[in-house]
Amino acid sequence: MTQPLPDLTARFRLKRSLFRKETVEFRVFGLDQYGCILKTDKVFEPGDTLQFDLIMKMPFENIQAEGLQGLVVEVKKHCSNFFYSIDFSGPPSADVSGKLSRIQDVLSRKQSLRSRRGQPGSGATQMA
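Residues numbered from 1 in each chain as written. Predicted model: local features only at pLDDT ≥ 70, side-chain atom pairs only at ≥ 80, totals over all residues. Heavy atoms only, no water.

### Structural notes on the pairing of strand β2 (residues 21–32)
Across seven bridges, the pairing between strand β1 (residues 8–15) and β2 is antiparallel. Paired with Arg11 across the strands is Glu25, a residue of β2. Linking β1 back to β2 in an antiparallel pair, the connection comprises five residues. As judged from the five bridges shared by β2 and strand β3 (residues 35–40), these two strands associate in the antiparallel manner. Considered in β3, the bridge of Asp32 is made with Gly35. (Pairing = 2+ DSSP bridges. Helix = DSSP H or I, 4+ residues; strand = E, 2+ residues; numbered from the N terminus.)

Written out as structure tokens, the structure reads:
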């Protein structure tokens, strides 16, 4: 969990005052059908409920799973940032569930390609 997932961010709309909201994007360090792991400098407490979107950046059209709801279940401090374990709460709609599956599929392909590129002898010739 030392590297963020490639091209995946979480977007939150945080309330700052009565009439002002701030949109913030966080890096995602883990994702499965039950939840995700986010890293940010914003402070949340275990038990907080968050509303957010997951955005997978793609060359032509991004994949967006919008309107996710999650419960903060664990917090780990790392320097000036925090890692938050988020459990998805409530059953997602069929559309959101399909988009989450699509994001997970694209992520596994990207990680597979990245691991193949990083290994010596993976088809790339080396110059002596």
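### Here's the deal with the confidence of the model for the chain
Per-residue pLDDT for the chain has a mean of 83; in total, 89% of the residues score no lower than 70. Predicted confidence is poor over residues 121–128, with pLDDT under 50, and the contacts of this stretch with residues over four places away or in other chains come to three contacts. (pLDDT = per-residue confidence, 0-100. Contact = heavy atoms within 4.5 Å.)

### Details of the pairing of strand β5 (residues 63–78)
The two faces of a sheet get side chains in turn, since along a regular strand they alternate between them. Relative to β5, strand β4 (residues 49–56) runs antiparallel, the two sharing seven bridges. From the neighbouring strand, Thr49 faces β5, where its bridge partner is Leu71. Where β4 folds back onto β5 in an antiparallel hairpin, the turn is made up of six residues. Summarising the sheet, β5 and strand β6 (residues 81–88) pair through eight bridges and their orientation is antiparallel. Residue pairing in the sheet places Gly70 in a bridge with Phe88 of β6. Hairpin connection from β5 to β6: two residues lie between these consecutive antiparallel strands, with Cys79 at a positive phi of about 55°.

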